[in-house]
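# Report on the structure
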Amino acid sequence: MRGISPGIVLVVVMVLTPTFVHLRPAQGASEAGEIVVYSARIEQLIKPMFDAFTARTGIKVTYFTAKAAELFERLRAEGPHTPADIFMTVDAGNLWMAEHAGLLQGFTSSIIEQNIPAHLRAKNNAWVGLSVRARPIMYSTDRVKPSDLSTYEALGHPRWRGRLCLRTSRKVYTQSLVATMIKTLAERRTEEVLGGWMKNQPRIFNSDTQMLKAIAAGQCDVAIANTYYLARLQAKDPGFPVAVFWANPNDRGVHVNISGAGVTKFTKHRAEAVQLIEFLSSPEAQKLYADANYEYPANPAVKPHRLIAAWGSYKADTVDVAAAGALQAAAVKLMDRIGYK
Ligand SMILES: [Fe+2]
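Everything numeric here is computed off the predicted structure, so don't read it as measured data.

## Examining the environment of Arg-163
- Tracing the sequence through the fold places Arg-163 in the loop between β6 (137-140) and β7 (164-167).
- For Arg-163, a relative accessible area of 22% translates into the label partly exposed.
- Separated by 88 residues in the primary sequence, Arg-163 and Leu-75 place their C-alpha atoms 42 Å from one another.
- With residues near it in sequence (within four places) discarded, Arg-163 still touches Arg-143, Val-144, Cys-220, Asp-221 and Val-222.
- Side chain to side chain, Arg-163 and Asp-221 meet in a polar contact 2.6 Å long.

## Comments concerning the packing of helix α2 (residues 43-57) against helix α10 (residues 270-280)
- Running from amino to carboxyl end, α2 crosses α10 at an angle of 120°, the nearest separation of the two axes being 10 Å. Our classification of the angle between α2 and α10 gives oblique. For the pair α2 and α10, the sense of crossing is right-handed. Between α2 and α10, the residues in contact are Met-49, Phe-50, Ala-52, Phe-53, Arg-56 and Thr-57 and Glu-272, Gln-275, Leu-276, Phe-279 and Leu-280, respectively.
- Partitioned by chemical class, the residues of the contact of α2 with α10 number seven nonpolar, two polar and two charged.

## Section: the coordination of the iron ion
- Around the iron ion, the protein supplies Tyr-173 (OH), Tyr-228 (OH) and Tyr-229 (OH) as donor atoms, at distances of 2.0 to 2.1 Å.
- Along the chain, the residues donating to the iron ion are arranged with the sequence spacing Y-x54-Y-Y. Of this pair, Tyr-173 sits in helix α6 (residues 172-185) while Tyr-229 sits in helix α9 (residues 227-236), and the two are 56 residues apart along the sequence. Just as Tyr-173 is buried, Tyr-229 falls in that class too.

## A look at the packing of aromatic side chains
- A full pass over the atoms with the stated rule returns six aromatic pairs.
- An angle of 45° between the planes, with centres 5.7 Å apart, marks the rings of Phe-53 and Phe-279 as tilted. Residue Phe-53 is located in helix α2, and its partner Phe-279 is located in helix α10; the two are separated by 226 residues in the primary sequence.
- Residue Phe-53 is classed as buried on the basis of its relative accessible area of 1%.
- Seen from their ring centres, Tyr-296 and Tyr-314 are 5.2 Å apart, and the 70° between their planes marks the pair as edge-to-face. Here Tyr-296 is found in strand β12 (residues 296-297), whereas its partner Tyr-314 is found in the loop between α12 (306-309) and α13 (323-326), with 18 residues between them in sequence.
- Assessed through its relative accessible area of 7%, Tyr-296 is described here as buried.
- Ring pairs connect the aromatic residues Trp-246, Tyr-296 and Tyr-314, which therefore count as one cluster.
- Across from the ring centre of Tyr-173, 4.4 Å away, lies the NZ or CZ of Lys-171, which sits over that ring.

## Structural notes on the nonpolar core
- If you look at the biggest cluster of nonpolar residues, it comprises 110 residues, and the most contacted ones within it are Phe-50, Met-88, Trp-127, Trp-197 and Leu-212.
- Top contributing element to this core by residue count: α6, with seven residues.
- The contact partners of Trp-197, leaving out residues within four places of it in the chain, are Tyr-152, Glu-153, Leu-155, Gly-156, Leu-164, Leu-166, Leu-177, Met-181, Pro-202, Ile-224 and Tyr-340.

## Brief notes about the state of the cysteines
- Taken as a whole, this structure holds one disulfide when the rule is applied.
- The disulfide that involves Cys-165 links it to Cys-220, with 1.9 Å between the sulfurs. Handedness of the Cys-165-Cys-220 disulfide follows from its S-S torsion of about -100°: it is left-handed. You can see Cys-165 sitting in strand β7 and its partner Cys-220 sitting in the loop between α8 (208-216) and β9 (222-224), a full 55 residues away along the chain. Both residues of the pair, Cys-165 and Cys-220, belong to the buried class.

Procedures and definitions
Residues numbered from 1 in each chain as written. Predicted model: local features only at pLDDT ≥ 70, side-chain atom pairs only at ≥ 80, totals over all residues. Heavy atoms only, no water. Helix = DSSP H or I, 4+ residues; strand = E, 2+ residues; numbered from the N terminus. Buried < 20%, exposed > 50% of the residue type's maximum accessible area, 1.4 Å probe, protein only. Contact = heavy atoms within 4.5 Å. Polar contact = N/O pair within 3.5 Å; in protein donor to acceptor, adjacent residues only side chain to side chain. Axes fitted to C-alpha atoms, helices over the stretch in contact; angles between N-to-C directions. Parallel < 35°, antiparallel > 145°, perpendicular 65-115°, else oblique. Left-handed = near helix turned anticlockwise from the far one by under 90°. Nonpolar A, V, L, I, M, F, W, Y, C, P; charged D, E, K, R; others polar. Donors = N, O, S within 2.8 Å, 3.2 Å for Na, K, Ca; no water. Phe/Tyr/Trp six-rings, centres within 6.5 Å; stacked < 30°, edge-to-face > 60°. Lys NZ or Arg CZ within 6 Å of the ring centre and 35° of its normal. Core = buried A, V, L, I, M, F, W, Y, C linked by side-chain atoms within 4.5 Å. Disulfide = S-S within 2.5 Å.

This is the structure in structure tokens:
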């Protein structure tokens, strides 16, 4: 914290983001062997990995948790005075934005290159995917035959009129799905596909969980949702009447996104920050991280939790997830144009 006292930083933290927790300013980030993570992921998901890292390296990890947008603004406002060494969040769109706002810096690492496939990280490792979230089609096991399903595109078929639930276009998950469709199918075809969905008069939801419960309650029959939400519901109720359909098996495969992390532009502990991200890509941390939220490991050497492994393996879309950021604005405009709320 060059030129600024930990006390001042603490006051700024309290004023800007009262939801920040786990602040330990007394041993501030200025000490060597201690790093600070700004995390949009909750404590329950990150603490076990950070504890394992500290046990192994002796490097302490302090973390502040808040929403991604809040952390992004905070990093921007703090500029060179930020105490943060790592920014951690969900969605390639968010990570790409942070990279392109100049908040992250790249690094080279043979460990990362070995552990994490290239399409799940920035070219220069300005951000690195650490878990994979799949967003397939989900359907009512009471009212839909899997043989009626095939692709995201086919959800525009009149058969699904009044039977489709979708997440709002305001959510970055939807924006990333559509952005990667634009990357692969081009804008014109993507607009046709989404136009088909709109003709089916979908119910629009603010929550994947609510959407899956709506299927169970008979309000709609199919949806597009992240798998960990279904896993959570199935963990509580193994008979929950919704199943996964792995979309587009014969072409690009299922849309996947990531949660990930990057080293901040103004870190004063670059070596330790890189070391933490390398550790997070290792089989030991990958297992802890993916299992904690029923996500898929980003390191292909690590097996997923048994509950999600039971859904079988799937073909994942290997489009570069950076497209989620690069084409996000185009996706938002397209959805506006066709009246996708
Ligand atoms: Fe989520």
